[in-house]
Amino acid sequence: MKQTVFPVHYSMLSLDALIERVLKNYNLKNITECRFLNKGLNDTYLVKNGKVEYILRVYRSGWRTKRDVEAEIELLNYLHRKKVPVSRPVRRKDGKYLQMINAPEGRRYAVLFSFAVGNVSMDTEKAYRYGKLAGTIHALTDQYPKEIKRFHLDLNHLLDEPLGNAAPFLAHRTDDLDYLRGVSEKLKAKIRQLLPVTSPSYGICHGDLHHGNVHFADENELTIFDFDCWGYGWRAYDISVFYWNYCLGEKDEKKRNRIWSSYRKGYREVRPYSRAELKAIKYFVAIRHIWLIGLHTGLAGSGAFASGFLNDGYFDFHMNFLREWIKEKCPDIE
């Protein structure tokens, strides 16, 4: 009887094979280490070539198309040319950036990136510098001479699709599901009322501007990375991700307000935003949280996230954060 390979959603790639079949295609003459760093939406590896470090990202099968990855590379190269401190793609010997890997679960794409020196940390000065960088990215991308083909961070992406992903996991929590559906409709109405789908309110966004995606080195030199979620969307949403993430992790309200104020100050020095955009941010925090629930439930069992953590404790925490945020910051949509 002919034996076939058992189907998989996700495979762990061999480090030796990555060196022999992927990294050998770069001008790296002294690879001393290839170490698996992180499994998330994609797989991340630390690569050492002598004393120089790089990051190898291997995209999950089915997560991004080849065109999506090429669009990310194109945007990063543009920002690098504009002197934005980004972790940028590294060319292979043949001049290309992208390599396809024929993994058991299907096609995966590998890209090598420059290393973001430093670490994750935040204070008022760093928040100011990060806000200024976010404003710079939004301002510069408005000047991009052509449209890069990429998905949109619209209300379907941020609310409708996440709700569809979450619904099966909330079948036994009908009150929560009904709440999410009702609140989502009100949030959509608020955003449509406040913001147009036109520049400069709407344009290229990083998509994941939380403080975990920027490294600070000596003298507060910073490098931004992980543009995997970039797309076309409202700039107020992009700004809100920093606020959302910091509120989620920092319990000291006074500290949260100081950090948030510093971030906004830095941003406004480069790209002033309208009152409507500022008002929309509080709604986008709630939208971002619903998106996160949809991301986790949508990828459950894919290898990115195991479904076991999507238990009542998970939903208790996230629904409580969302309800409390809306009650305190958005009482007009309760």
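Scroll up to find the structure.
For the structure given in this document, a descriptive report is provided here. (Residues numbered from 1 in each chain as written. Predicted model: local features only at pLDDT ≥ 70, side-chain atom pairs only at ≥ 80, totals over all residues. Heavy atoms only, no water.)

Pairing between side chains of opposite charge can happen when their charged atoms approach one another. Tallied over the full model, the rule gives 26 salt bridges. Residues Arg173 and Asp312 are paired through a salt bridge, measuring 3.1 Å at the closest nitrogen-oxygen approach. With Arg173 in the loop between helix H4 (155–166) and helix H5 (174–194) and Asp312 in helix H9 (residues 312–329), this pair connects stretches of sequence that are 139 residues apart. Assessed through its relative accessible area of 37%, Asp312 is described here as partly exposed. The residue Lys255 makes a salt bridge to Glu250 at a minimum N-O spacing of 3.7 Å. Given the relative accessible area of 30%, Lys255 is considered partly exposed. Among the residues examined, Glu250 registers a relative accessible area of 18% and is labelled buried. Beyond isolated ion pairs, a larger network of salt bridges with shared partners links Arg173, Asp176, Asp312, Asp316 and Arg323. (Salt bridge = Lys/Arg side-chain N within 4 Å of Asp/Glu carboxyl O. Helix = DSSP H or I, 4+ residues; strand = E, 2+ residues; numbered from the N terminus. Buried < 20%, exposed > 50% of the residue type's maximum accessible area, 1.4 Å probe, protein only.)

Geometrically, a pair of aromatic rings is defined through the distance of the ring centres and the angle of the planes. Taken as a whole and assessed by the stated rule, the structure comprises 17 aromatic pairs. For the ring pair Trp260 and Tyr263, a centre distance of 5.9 Å and an interplane angle of 20 degrees mean the geometry is stacked. Here Trp260 and its partner Tyr263 are both found in helix H7 (residues 253–270), three residues apart, which amounts to about one turn of the helix. Judged by relative accessible area, which is 0%, Tyr263 ranks as buried. Site record: aromatic cluster; members linked through ring pairs are Tyr130, Phe242, Tyr243, Tyr246, Trp260, Tyr263, Phe321 and Trp325. When the ring centre of Tyr179 is taken as origin, the NZ or CZ atom of Arg323, which lies over that ring, is 4.1 Å away. A cation over a ring is seen here: Lys329 above Trp325, with NZ or CZ 5.7 Å from the ring centre. (Phe/Tyr/Trp six-rings, centres within 6.5 Å; stacked < 30°, edge-to-face > 60°. Lys NZ or Arg CZ within 6 Å of the ring centre and 35° of its normal.)

Reading across from one edge, E6-E10-E7 is the order of the three strands in this open sheet, with mixed pairing throughout. Since the sheet does not close on itself, it has two edges, and those belong to strand E6 (152–153) and strand E7 (202–205), each with one partner. As paired strands, E6 and strand E10 (residues 231–234) are joined by two bridges and run parallel to one another. Bridge pairing in E10 links His152 to Tyr232. (Pairing = 2+ DSSP bridges.)

A one-sided burial pattern is seen for strand E4 (residues 99–103), the buried positions being Gln99, Ile101 and Ala103 and the unburied ones Met100 and Asn102. Relative to strand E5 (residues 106–114), E4 is paired through five bridges, and the arrangement is antiparallel. Bridging across to E5, Asn102 finds its partner in Arg107. Taking the residues between adjacent antiparallel strands as the criterion, E4 and E5 are bridged by two residues.

We now examine the pairing of strand E3 (residues 52–59). A large share of E3 lies buried, amounting to six of its eight residues. Where strand E2 (residues 42–49) and E3 come together, eight bridges link them in antiparallel fashion. Counterpart to Asp43 in the pairing with E3 is Val58. Connecting E2 to the antiparallel partner E3 that follows it, the hairpin turn spans two residues, and Gly50 within it adopts a positive phi of roughly 65 degrees. Pairing of E3 with E5 involves five bridges; the strand directions are antiparallel. Looking at the pairing, Val58 lines up with Ala110 of E5.

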